[in-house]
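In case you want the letters, here they are:
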Amino acid sequence: MSKERKNKIFRWVIYIIFFIGLFMLQSSLNIFPVIAGVRPVLFIPAVICVGMFEGELMGAVLGVVAGCLWDLVSTNAFGIGALFLMIAGWATAVLVIYLIRKNIFSAILICACALVFYSVLDWITTYVVLQNGDEWSMLFQFYLPLVIYSLFMVVPLYFLARVMAAKLQYKDEA
Amino acid sequence: MKSFFRSTRFKILLAAVMLLIGLVLYSVSTGGFSSLPSSIVGAVTTPIQSLSSSISGAVSGFFGQFTSASAKQERIEELEKQINDLQNKMVDYDTYLNENEELRKYLKLYRENPDFVFEDAIVIGRDPAEPFGNFSINKGTLSGIKPNDPVITAEGLVGYVYDVGPIYAKVRTVLDPATAASAIVSRTRDYVMVESNTFELAKNGLCKLNYLPRNSSAIQGDYIITSGVGGIYPRGLIIGTISEIKQEPDGISSYAILTPTADIRNIKDVMVIKSFKGQGEGLPAEANGNLNNNASSNSSGSDSSVNASSNSSAEVSR
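Described in the following lines is the structure provided in the data block. Only a predicted model underlies this, so the values are computations on that prediction, with no experimental measurement involved.

1. Considerations on the overall build of chain B
Here is step 1: Helix and strand content of chain B: 5 helices and 12 strands.
Here is step 2: When the accessible area of chain B is evaluated, it comes to approximately 17,700 Å², of which 58% is carbon and sulfur surface.

Here is the structure:
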């Protein structure tokens, strides 16, 4: 096996381990403090940040990996998270290539859009359809704090993804 | 020699001897009490003896420290090891005590319901984007868990399994609006439904109890137990207690706020009831097909005759 191929495999393995670690952080109860009744979603910011630095293929594939892990604990049907995160990872990479700059502000903007989109979709499909009468309080008292709390995770995840990409790409070139 | 006996030194010596003999005779004559001279001498010498004794003791102790240091060190290490062992035993003891207490509660439940087949499981994950406390457990089809199996803790009902993989299962809690359970007010025997939960209640760990008859004598603190109707939950599992009773806007019926006895948002260990008498009765054929064939169908405690049978279909997972 060539050195280049070994490095590529190494890079994939590192990212998969990274997402497994994030899965443990995200789905464990006592890692992040509960603020305003919510804990942060890590996968959306992480996939977007990795997609930003690693391109379309890795963004999409790692989105699927992260989404499958998320679907293991999510109440949604298996595959919805994978589909959403695959599109998020791929779209972020495309946006960075053709439309926007690769910086922390772009990452926050894309993450905000993705989190709001996911939250509204989840709110409509799982709660609004039940018509229990307190849909709006759920939107503002659960999903809004969730989006805001998760956005705070973008900053550390952005710099972590940047460092990982730089180290792993350097290893590739070397 | 002659000159010696005549010398002053000899005369002084002789006088001293005589004095001492006289002293001895005097002491003997006092009958065991100390004589004045001995008291005087003692008064002078005792503090000195005490001082010398304490000094010698201190000196002896000081050097003794060095001479016995290694032995003491060994003793200290031995005692520290004993303390560590005892501390570990205390931790084990607390763990076993908690486990024992927990299992005793399940044992009580098992003795009351020998038809129950339990599978213990650990909560492995909770989705942060999910507000109703649903979670995943570390057991799945390989452990015999099926969709619609009830999930409990020693304190009471938690929910039911709604999705199963080989080594994991997802549990929908009673806080979820998509969960419905037919129940009874334990004291008054009124049939009610735990359903249509709202976010406002769920975020405070509460449930809604519907169809409470207007003339019901149910009061705050009454226990709510599963009715067995519907075939998902066995009869008699504690769900919680009534914390508040309110009137529906239509005025026909009331509803109650239910506080689950299980701490649903913080539980770490659960039991899945894999099989019980009457499991699957009242479920549609499609849902029933998922249930284990081991579940006995000749339930003597079947709830099919109860008046609330109209609610049974509502207990089926949506």
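2. Looking at the interface of chain B and chain A
Here is step 1: In this complex, chain B contributes 25 residues to the contact, which on the side of chain A involves 27 residues.
Here is step 2: Roughly 2,000 Å² is buried in total at the junction of chain B and chain A, and carbon and sulfur atoms are behind 57% of that figure.
Here is step 3: Contact with chain A buries surface across chain B, with Pro128(B), Ala129(B) and Phe199(B) losing the most and accounting together for 30% of the total.
Here is step 4: Here chain B and chain A share 0 salt bridges between them.

3. Topic: the environment of Glu244(B)
Residues and elements named next belong to chain B.
Here is step 1: Structurally, Glu244 can be placed in strand 10 (residues 238-247).
Here is step 2: Here Glu244 falls in the partly exposed class, since its relative accessible area comes to 39%.
Here is step 3: Once the C-alpha coordinates of Glu244 and Gln220 are considered, the two residues, 24 residues apart in sequence, prove to be 5.8 Å apart.
Here is step 4: Excluding residues that lie within four positions of it along the chain, Glu244 makes contacts with Tyr255, Ala256 and Ile257.

4. Observations concerning the environment of Ile264(B)
Residue and element names in this part refer to chain B.
Here is step 1: For Ile264, the location among the structural elements is in the loop between strand 11 (253-260) and strand 12 (269-275).
Here is step 2: Take Ile264: its relative accessible area is 4%, and that puts it in the buried class.
Here is step 3: Through-space distance from the C-alpha of Ile264 to that of Val158 is 6.3 Å; in sequence the pair is 106 residues apart.
Here is step 4: Residues within four places of Ile264 in sequence aside, it is in contact with Arg126, Gly133, Leu157, Val158, Thr173, Val174 and Leu175.

5. Remarks on the sheet that holds strand 11 of chain B
Residue and element names in this part refer to chain B.
Here is step 1: Sheet architecture is closed into a barrel: 6 strands sit in the order 6-7-8-11-10-9, paired in antiparallel fashion. Across the sheet, the mean angle from the axis of one strand to that of its neighbour is 40°, orientation sign disregarded.
Here is step 2: Bridge count between strand 6 (residues 181-185) and strand 9 (residues 223-226): 3 bridges; the pairing is antiparallel. Within strand 9, the residue paired with Ile184 across the bridge is Ile225.

6. Concerning the sheet that holds strand 5 (residues 169-173) of chain B
Here is step 1: Read around the barrel, 6 strands follow the order 1-2-5-4-3-12 (chain B) and close on themselves; strand pairing throughout is antiparallel. Between one strand and the next, the sheet's axes are offset by a mean angle of 45°, whatever the strand orientation.
Here is step 2: Against the sheet, helix 2 (residues 43-73) of chain A contacts strand 1 (117-125), strand 2 (135-137) and strand 5 of chain B, and its axis sits at roughly 50° relative to strand 5 of chain B.

7. Describing the side chain of Ser150(A)
Residue and element names in this part refer to chain A.
Here is step 1: Following the sequence through the fold, Ser150 ends up in helix 5 (residues 135-152).
Here is step 2: Of the polar contacts made by the side chain of Ser150, one reaches the backbone oxygen of Leu146; its length is 2.7 Å.
Here is step 3: Those residues in contact with Ser150, other than ones at most four positions away along the chain, are Pro40, Val41, Pro45 and Leu115.

8. A word on the pattern of salt bridges
One side chain can pair with another of opposite charge once the charged atoms of both are near each other.
Residue and element names in this part refer to chain B.
Here is step 1: Tallying each qualifying case throughout the model produces 12 salt bridges over all chains.
Here is step 2: As a salt-bridge pair, Lys139 and Asp120 come within 3.6 Å of each other at their nearest N and O atoms. In this pair, Lys139 sits in the loop between strand 2 and strand 3 (150-152) while Asp120 sits in strand 1, placing the two residues 19 residues apart along the sequence.
Here is step 3: Its relative accessible area of 18% is what places Lys139 among the buried residues.

9. Thoughts on the state of the cysteines
Residue and element names in this part refer to chain A.
Here is step 1: Per the counting criterion, the structure on display carries 0 disulfides over all chains.
Here is step 2: Left without a disulfide partner, Cys49 is nearest to the cysteine sulfur of Cys111, which lies 4.9 Å away.
Here is step 3: Residue classification places Cys49 among the buried residues on the basis of a relative accessible area of 0%.
Here is step 4: Not part of a disulfide, Cys113 finds its nearest cysteine sulfur in Cys111, a span of 9.3 Å.

10. Some remarks on the side chain of Asn134(B)
Here is step 1: Note on placement: Asn134(B) falls in the loop between strand 1 and strand 2.
Here is step 2: Within the structure, the side chain of Asn134(B) is placed 2.9 Å from the backbone nitrogen of Thr173(B), a separation counted as a polar contact.
Here is step 3: If sequence neighbours within four positions are ignored, Asn134(B) has contacts with Thr75(A), Arg126(B), Val171(B), Arg172(B), Thr173(B) and Asp176(B).

About the criteria used
Residues numbered from 1 in each chain as written. Chains lettered and ligands numbered in written order. Predicted model: local features only at pLDDT ≥ 70, side-chain atom pairs only at ≥ 80, totals over all residues. Heavy atoms only, no water. Helix = DSSP H or I, 4+ residues; strand = E, 2+ residues; numbered from the N terminus. Areas by Shrake-Rupley, 256 points an atom, 1.4 Å probe, with all protein chains shown as cover. Contact = heavy atoms within 4.5 Å. Buried area = accessible area lost by both parts, 1.4 Å probe. Salt bridge = Lys/Arg side-chain N within 4 Å of Asp/Glu carboxyl O. Buried < 20%, exposed > 50% of the residue type's maximum accessible area, 1.4 Å probe, protein only. Pairing = 2+ DSSP bridges. Axes fitted to C-alpha atoms, helices over the stretch in contact; angles between N-to-C directions. Polar contact = N/O pair within 3.5 Å; in protein donor to acceptor, adjacent residues only side chain to side chain. Disulfide = S-S within 2.5 Å.

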